[in-house]
Amino acid sequence: ITGTSPQELIKSQRLKKAAQLLLASGLTVSEIAYDVGFTDPKYFSRSFKAYFGMLPTEYIQANKN
């Protein structure tokens, strides 16, 4: 239905939730990575950049203002 694999669908949902947490909570990027189910913060950052086009810290700066 979505045209993506189940793994990619779950990953995209985790990344969307992480984006919400980045803006709404005072947690660090690593804490958010673990909270949404990633076991490696580096892999989380790479995946986040691939999905959103910017690193999590850049995403915070761009959307907080």
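Quick caveat, the model's predicted, so the values are computed rather than measured.

The geometry of two aromatic rings is summed up by the distance between their centres and the angle between their planes. The tally for this structure, following the rule as stated, stands at seven aromatic pairs. Between Phe38 and Phe44, the ring centres sit 5.2 Å apart and the planes meet at 65 degrees, which makes this aromatic pair edge-to-face. The two residues Phe38 and Phe44 agree in class, both being buried. With a centroid separation of 5.4 Å and 80 degrees between ring planes, the pair formed by Phe48 and Tyr59 is classed as edge-to-face. Taken as a pair, Phe48 in helix 3 (residues 41–52) and Tyr59 in helix 4 (residues 56–64) lie far apart in primary sequence, eleven residues in all. Across the pair, exposure class does not vary: Phe48 and Tyr59 are buried alike. Taken together, the ring pairs in this structure connect Phe38, Tyr43, Phe44, Phe48, Tyr51, Phe52 and Tyr59 into an aromatic cluster.

If you trace the backbone, Ser47 turns up in helix 3. Ser47 sits in the buried class, given a relative accessible area of 7%.

Taking 1.5 Å as the rise per residue, helix 3 with twelve residues should run 16 Å; its terminal C-alpha atoms sit 16 Å apart, in good agreement. When helix 3 is considered as a whole, its buried residues turn out to be Pro41, Phe44, Ser45, Ser47 and Phe48. One side of helix 3 carries all its buried residues, which in axial view fall inside an arc of 165 degrees. Residues of helix 3 that are exposed and point over 90 degrees away from its buried face: Lys42, Arg46 and Ala50. Against the buried residues of helix 3 lie helix 1 (6–24), helix 2 (29–35) and helix 4. At the N-terminal boundary of helix 3, the capping side chain belongs to Asp40, with an oxygen 3.2 Å from the backbone nitrogen of Lys42. In the segment just after helix 3, Gly53 is the residue with positive phi, at about 85 degrees.

About the thresholds
- Residues numbered from 1 in each chain as written.
- Predicted model: local features only at pLDDT ≥ 70, side-chain atom pairs only at ≥ 80, totals over all residues.
- Heavy atoms only, no water.
- Phe/Tyr/Trp six-rings, centres within 6.5 Å; stacked < 30°, edge-to-face > 60°.
- Buried < 20%, exposed > 50% of the residue type's maximum accessible area, 1.4 Å probe, protein only.
- Helix = DSSP H or I, 4+ residues; strand = E, 2+ residues; numbered from the N terminus.
- Expected span 1.5 Å × (residues − 1).
- Arc of directions from axis to C-beta.
- Contact = heavy atoms within 4.5 Å.
- Polar contact = N/O pair within 3.5 Å; in protein donor to acceptor, adjacent residues only side chain to side chain.

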